[in-house]
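Chains, contacts and geometry: an overview
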Amino acid sequence: YLFNSMNTISSLIYRDPQIAENFIRNLAETFNYVLNTKDVKLVTVGQEVEALKDFNYLLGIRYATALEINIELSDAIMQSNIPPLSLQLLVENAVKHNVVSDEDPLKISIRNDENSIIILNNKTGTPSKTSSHKVGLDNIKKRYTFFTSIDIEVKDEDYFEVKLPILKAI
C-alpha cells in the first residue's frame, strides 16, 4: 500500500503538482487515522466513513473511473460503533481480490439495513498474483466477537458481500 502510494506521488509530482499535494495530504490523514485508532476499540461509523473518504481519494487517483465507491448510510447508523479500519480493510480486500479496469469497473457499495452495515462489491476477475490468507476478514470477525454475539455474514456468490452487525452508539 505504502509502496503503491509513493509510486503514485512520484508520477504526479511533475505532471500535476496540485494533485500530488492533495494526494500527500489525504495519505497523511489516512495514516493519522490509523495511528490515532491503533489502541481504540470502537469509533463511530461517521468517523470511519470520514477516514474512508481520505482513503477513497487515494484510490480514486490511482484507479480513476475504474473504481467506484458509493456510501449510503443513514444518519442513525453514522452514530453507531464499528471497530476502526473495518470499512477500509473491506474496501482494500475488494481492490486486492479483483481486477480493477476501465473495461469492467469495480463497484463497491456501503449501505445499511435495520441490523447491519452491508459492504457489497461486484466481482471483476481475480488478479493473477493475488493470494488470500483471509487475514483482514478474520481480523474483523475476531474484533467483532468482543462486542456482539452476532456473526458477521459473508456471501461469495455473483457478488461479494459482508454484513457487519450494528453496534450500539458510544
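Residues numbered from 1 in each chain as written. Predicted model: local features only at pLDDT ≥ 70, side-chain atom pairs only at ≥ 80, totals over all residues. Heavy atoms only, no water.

A few words now on unusual backbone geometry. The backbone of Ala64 sits at a positive phi, close to 50 degrees, despite the residue not being glycine. Mapped onto the secondary structure, Ala64 falls in the loop between helix H3 (45-63) and strand S2 (67-72). A residue is classified by how much of its surface remains accessible, and Ala64, at 46% relative accessible area, is partly exposed. One non-glycine residue, Leu85, lies in positive phi territory at about 70 degrees. Structurally, Leu85 can be placed in the loop between strand S3 (81-82) and helix H5 (86-96). (Helix = DSSP H or I, 4+ residues; strand = E, 2+ residues; numbered from the N terminus. Buried < 20%, exposed > 50% of the residue type's maximum accessible area, 1.4 Å probe, protein only.)

Enumeration over the complete set of coordinates arrives at six salt bridges. Note that Asp113 is salt-bridged to Lys163, the shortest N-O span being 3.8 Å. Taken together, the residues span a long stretch of sequence, with Asp113 in the loop between strand S4 (106-112) and strand S5 (116-122) and Lys163 in strand S7 (residues 159-165) at a distance of 50 residues. Looking at Asp113, the relative accessible area reads 29%, which means it is partly exposed. (Salt bridge = Lys/Arg side-chain N within 4 Å of Asp/Glu carboxyl O.)

Moving on, we get to the nonpolar core. Proteins that are soluble and globular tend to have nonpolar side chains buried together. Residues Leu67, Leu87, Ile108, Ile110, Ile117 and Leu164 are the most contacted members of the largest nonpolar core, which totals 41 residues. Looking at which element gives the most residues to this core, the answer is H3, with eight residues. When neighbours within four sequence positions are excluded, Leu67 is seen to be in contact with Leu59, Val95, Val100, Leu106 and Ile108. (Core = buried A, V, L, I, M, F, W, Y, C linked by side-chain atoms within 4.5 Å. Contact = heavy atoms within 4.5 Å.)

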